[in-house]
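Structural description and commentary
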Amino acid sequence: YWASMRAGVQNPPLDEIVGYAKSNGWTERGELTASEVIDVARHYGYDAQSLAFSADDLDRATTDGAPVLIGIDGTGSSDPTLKSYNSHMLIVEGVVDVQGEKYVVGRDPNRPGDMAWKWSDIGPSLRAAIVIRPG
């Protein structure tokens, strides 16, 4: 799913959106399903639609500095930091290419500091995305 803002709706700060997800227990239990990502999107006035999603799409979405919230199926990931989650939310701030390998750069709300994950580990497990345009 890809969620985009409806015209005329003010965009909330990213920390507020992550806080809302946490207040519902989603990231506290280490899980955020695709439908829960969409619930967060709808709570803030986003429309969601199903689209094919690639590393290039994610890169374009973050080019202007807007973070992207993604919901992944951790059990479908080969990344050891994500495999422990059935479903989980990540905050993506960009995509970088290192010697032909694409990496997703961002934060895991349950871990301190910035992180990077191989696109090949995240891509197959990606279930939902919300583009956040800071207000």
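Everything discussed here concerns the structure shown above.
In what follows, the accompanying structure is described. All of these numbers come straight from a predicted model, not from anything done at the bench.

The next point concerns the pattern of salt bridges. What the rule picks out here adds up to four salt bridges. Across the pair Lys102 and Asp56 runs a salt bridge whose closest N-O atoms are separated by 3.0 Å. On the criterion of sequence distance, the pair formed by Lys102 in strand β5 (residues 101-107) and Asp56 in helix α3 (residues 55-62) is long-range, its members being 46 residues apart. Residue classification places Lys102 among the partly exposed positions, given a relative accessible area of 29%. In this structure, Glu93 and Arg107 form a salt bridge, with 3.0 Å as the shortest nitrogen-oxygen distance. Highlighted residues: Glu93 in strand β4 (residues 88-98) and Arg107 in strand β5, separated in sequence by 14 residues. Accessibility expressed as a relative area gives 27% for Arg107, which makes it partly exposed.

With that settled, consider the environment of Gly19. Looking at where Gly19 falls in the secondary structure, it is placed in helix α1 (residues 14-23). A relative accessible area of 31% places Gly19 in the partly exposed class. Sequence separation of Gly19 and Pro109 is 90 residues, and the distance between their C-alpha atoms is 9.7 Å.

Burial analysis of strand β3 (residues 68-72) places five of its five residues in the buried class, the great majority of the element. Burial along β3 is two-sided: the face carrying Val68, Ile70 and Ile72 and the face carrying Leu69 and Gly71 are both buried. Two strands pair when backbone bridges link them, and β3 and β4 are joined in this way by five bridges, in the antiparallel orientation. Residue pairing across strands places Ile72 opposite His88, the latter belonging to β4.

Let's shift gears to the side chain of Ser125. Position of Ser125 among the secondary structure elements: in the loop between α5 (119-122) and β7 (126-131). The contact partners of Ser125, leaving out residues within four places of it in the chain, are Gly71, Ile72, Asp73, Gly76 and Ser77.

A word on the side chain of Ser77. Its place among the elements puts Ser77 in the loop between β3 and α4 (80-83). Judged by relative accessible area, Ser77 falls into the buried class, the value being 1%. Only 3.0 Å separates the side chain of Ser77 from the backbone nitrogen of Asp79, close enough to count as a polar contact. A distance of 3.0 Å separates a polar atom in the side chain of Ser77 from the backbone oxygen of Asp121. The residues contacting Ser77, other than those within four sequence positions of it, are Leu82, Lys83, Asp121 and Ser125.

Parameters and conventions
Residues numbered from 1 in each chain as written. Predicted model: local features only at pLDDT ≥ 70, side-chain atom pairs only at ≥ 80, totals over all residues. Heavy atoms only, no water. Salt bridge = Lys/Arg side-chain N within 4 Å of Asp/Glu carboxyl O. Helix = DSSP H or I, 4+ residues; strand = E, 2+ residues; numbered from the N terminus. Buried < 20%, exposed > 50% of the residue type's maximum accessible area, 1.4 Å probe, protein only. Pairing = 2+ DSSP bridges. Contact = heavy atoms within 4.5 Å. Polar contact = N/O pair within 3.5 Å; in protein donor to acceptor, adjacent residues only side chain to side chain.

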